[in-house]
Amino acid sequence: MISLKKRFLAELIGTFFLVYIGAGAAVITLMISGGATPPNPFNIGIGTLGGLGDWLAIGLAFGLTVTVLIYAIGHISGCHINPAVTLGLWATKKFPSNEVIPYIVAQLIGASIASFAFAASVGMQAVTVGGLGATTPFEGIGYFQAILVEIIGTFLLMMVIMGSAVDKRAAPGFAGIAIGFTVAGVITTIGNITGASINPARTFGPYLADLILGGNNLWNYFPIYVIGPIVGAVLAAFIYDYISSEDVLYKKEVIREREQ
Amino acid sequence: MKCYMCALEGKDTDALAICIVCGMGICKDHLIHEKVEIWEGSFPFPSKKHEKPLPRFLCEWCYEAFQSG
């Protein structure tokens with residue numbers, strides 16, 4: 001197997017691109033719509049240009065990046081690029097305990113570097129106007145509602161990972177496409193509810209860079225993006241294992257099946 | 001079975017192996033013993049290399065094709 005050091009680097013690079021391209025798309029959308037008057041408080045600028053199409057564009061930036069990263073580094077590190085995915089696999093004993101912390105640290109570092117790199121690429125407007133793509137609950141969305149939404153979004157993501165990649169019965173080679181589509185779809189719908197993190201690292205990077213570069217301090221929202229994704233991913237992993245496991249047939253049932 | 005490559009050179013030599021790709025009989029001078037690394041597993045798990053590579057006997061033609069990808 002490839003050494004943990006190299007897999008650490010692969011996870012770091014993968015999460016870097018996820019945040020640079022994905023969260024970067026949110027920043028650019030906010031910068032493009034800067035100056036336009038949003039029609040209601042639920043609209044912060046993303047949606048001003050093309051309605052839900054704005055979120056589809058951001059979702060596709062994330063989804064397409066996830067797809068290509070799965071094909072690029074999936075065989076090296078597993079391309080989790082998401083602490084919730086790492087923990088979901090670990091909880092169901094599919095990932096070794098001693099590698100969980102290094103993977104999560106790599107993901108957090110990669111996401112943080114990406115946010116600083118995006119600010120360096122675009123300038124301070126990326127922080128002041130775009131907030132570096134940081135996720136927060138939208139107008140009228142409560143703390144627990146936001147956690148629920150993140151649970152549901154990450155549940156679907158993990159369910160698709162389990163069904164299209166972990167399950168040996170899955171059609172080989174299609175996981176990247178299925179997971180990329182899932183990410184894009186989830187972000188399109190829940191983007192304007194919680195910002196659609198479904199990944200604690202994806203929120204950590206922009207939060208840290210915003211704080212250091214003089215943007216908003218949003219850390220009071222961070223528990224939403226830790227609890228929601230982790231609960232969603234772990235739940236999905238256990239439930240998928242349960243629903244996909246073969247039932248043990250008792251002797252009478254075996255005889256009945258043979259007679260049919 | 002005779003070595004097909006030797007036959008092309010006008011020699012009559014017994015074959016020692018069969019090319020795993022095309023099935024050609026080949027003698028010890030014409031066979032190529034290739035050890036292919038086998039990697040198992042992919043997303044969301046890192047790939048693992050099998051301890052033992054897969055041994056393969058190939059003829060020169062198939063070996064060239066194999067090397068060129």
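Residues numbered from 1 in each chain as written. Chains lettered and ligands numbered in written order. Predicted model: local features only at pLDDT ≥ 70, side-chain atom pairs only at ≥ 80, totals over all residues.

Focus: the overall build of chain B
At step 1: Helix and strand counts for chain B stand at 2 helices and 6 strands.
At step 2: The order of helices and strands in chain B, counted from the N terminus, is α-β-β-β-β-β-β-α.
At step 3: Relative to the globule expectation of 11 Å for 69 residues, the C-alpha radius of gyration of chain B, 16 Å, shows a markedly less compact shape.
At step 4: Taken over 69 residues, chain B has a buried fraction of 25%.
At step 5: Of the contacts formed within chain B by residues at least 6 apart in sequence, a portion of 38% connects residues at least 24 apart. (Helix = DSSP H or I, 4+ residues; strand = E, 2+ residues; numbered from the N terminus. Rg over C-alpha atoms; globule rule 2.2 N^0.38 Å. Buried ≥ 20, exposed ≤ 12 C-beta atoms within 10 Å, placed from the backbone. Contact = placed C-beta atoms within 7 Å.)

Describing the overall build of chain A
At step 1: The number of helices and strands found in chain A is 10 helices and 0 strands.
At step 2: When the elements of chain A are put in sequence order from the N terminus, they spell out α-α-α-α-α-α-α-α-α-α.
At step 3: Against the globule reference of 18 Å for 260 residues, chain A gives a C-alpha radius of gyration of 20 Å, in line with a compact fold.
At step 4: Each principal axis of the C-alpha distribution contributes one length, and for chain A these read about 75 × 45 × 30 Å.

Some points on helix H6 (residues 143-166) of chain A
At step 1: The end-to-end C-alpha separation of H6(A) is 32 Å, in line with the 34 Å expected for 24 residues at 1.5 Å each.
At step 2: Counting buried positions along H6(A) yields 17 of 24 residues, so the element is predominantly enclosed. (Expected span 1.5 Å × (residues − 1).)

Some details on the interface of chain A and chain B
At step 1: With 17 residues of chain A at the interface, the matching set in chain B holds 8 residues.
At step 2: Mapped by element, the contributors of at least two residues to the side of chain A that touches chain B are helix H3 (83-91) and H6 of chain A.
At step 3: The greatest single-element share of the side of chain A that touches chain B, amounting to 3 residues, is contributed by H6(A).
At step 4: Residues of the side of chain A that touches chain B, tallied by class, amount to 11 nonpolar, 5 polar and 1 charged. (Nonpolar A, V, L, I, M, F, W, Y, C, P; charged D, E, K, R; others polar.)

Notes on the nonpolar core
At step 1: If you look at the biggest cluster of nonpolar residues, it comprises 77 residues, and the most contacted ones within it are Leu132(A), Met158(A), Ile161(A), Ile187(A) and Ala233(A).
At step 2: Take this core: its biggest share by element is 13 residues, from H6(A).
At step 3: Each residue touching Leu132(A), except ones within four places of it in the same chain, is listed here: Ala23(A), Val27(A), Ser115(A), Phe118(A), Ala119(A), Ala126(A), Val127(A), Pro206(A), Ala209(A), Asp210(A) and Gly215(A).
At step 4: Cys19(B), Ile26(B), Cys59(B) and Cys62(B) belong to the second largest nonpolar core, which has 10 residues in total. (Core = buried A, V, L, I, M, F, W, Y, C linked by C-beta atoms within 7 Å.)

Considerations on the pairing of strand S3 (residues 32-36) of chain B
Residue and element names in this part refer to chain B.
At step 1: Taking burial as the measure, the 5 residues of S3 include 0 buried ones, a minor fraction of the element.
At step 2: With 5 bridges joining them, S3 and strand S6 (residues 54-58) adopt antiparallel strand pairing. Residue pairing across strands places Val-36 opposite Leu-54, the latter belonging to S6. (Pairing = 2+ DSSP bridges.)

Some points on the environment of Lys49(B)
At step 1: Secondary-structure assignment places Lys49(B) in strand S5 (residues 48-49).
At step 2: Taking the C-alpha atoms as reference, Lys49(B) lies 7.1 Å from Glu37(B); in sequence the two are 12 residues apart.
At step 3: The residues touching Lys49(B), leaving out its near neighbours within four places in the chain, are Met1(A), Glu37(B) and Trp39(B).

Looking at the packing of helix H2 (residues 52-73) of chain A against helix H7 (residues 175-194) of chain A
Residue and element names in this part refer to chain A.
At step 1: Interaxial distance between H2 and H7 falls to 7 Å at its minimum, and their mutual angle equals 155°. Taken together, the axes of H2 and H7 lie roughly antiparallel to each other. Regarding H2 and H7, the two cross each other, and that crossing is right-handed.
At step 2: Broken down by class, the residue content of the contact of H2 with H7 amounts to 17 nonpolar, 9 polar and no charged. (Axes fitted to C-alpha atoms, helices over the stretch in contact; angles between N-to-C directions. Parallel < 35°, antiparallel > 145°, perpendicular 65-115°, else oblique. Left-handed = near helix turned anticlockwise from the far one by under 90°.)

Side note on the packing of H6(A) against helix H9 (residues 222-244) of chain A
Residues and elements named next belong to chain A.
At step 1: H9 packs onto H6 with a crossing angle of 40° between their chain directions and a minimal axis gap of 7 Å. Taken together, the axes of H6 and H9 are oblique relative to one another. Note on packing geometry: the crossing formed by H6 with H9 is right-handed.
At step 2: Each residue belonging to the contact of H6 with H9 can be placed in one class, and the counts come to 19 nonpolar, 5 polar and 1 charged.

Concerning helix H1 (residues 4-32) of chain A
At step 1: Relative to the 42 Å expected for 29 residues at 1.5 Å per residue, H1(A) spans 41 Å between its end C-alpha atoms, a close match to the ideal helical length.
At step 2: At Gly24(A), H1(A) shows its largest kink, close to 30°. (Bend = angle between axes of the 7 residues up to and from the residue.)

Some thoughts on the confidence of the model for chain B
At step 1: Across chain B, pLDDT averages 92, with 100% of residues at or above 70.
At step 2: Here the predicted complex carries an ipTM of 0.82, next to a pTM of 0.87. (pLDDT = per-residue confidence, 0-100.)

A few points about unusual backbone geometry
Across residues other than glycine, the phi torsion is negative in most instances, and most of the peptide bonds are trans.
At step 1: The omega torsion across Phe43(B) and Pro44(B) is 0°, close enough to zero to call that bond cis.
At step 2: Even without a glycine there, the phi angle at Leu132(A) is positive, about 55°.
At step 3: Not every positive phi belongs to a glycine, and Ile198(A) is a case in point at roughly 45°.
At step 4: Structurally, Ile198(A) can be placed in the loop between H7 and helix H8 (200-212).

Re the environment of Ile104(A)
All names here are of chain A.
At step 1: Position of Ile-104 relative to the elements: it lies in helix H4 (residues 100-122).
At step 2: The exposure class assigned to Ile-104 is buried, which follows from the 21 C-beta atoms found within 10 Å.
At step 3: When the C-alpha atoms of Ile-104 and Tyr-240 are compared, they prove to be 23 Å apart, with 136 residues separating the residues in sequence.
At step 4: When neighbours within four sequence positions are excluded, Ile-104 is seen to be in contact with Pro-83 and Thr-86.

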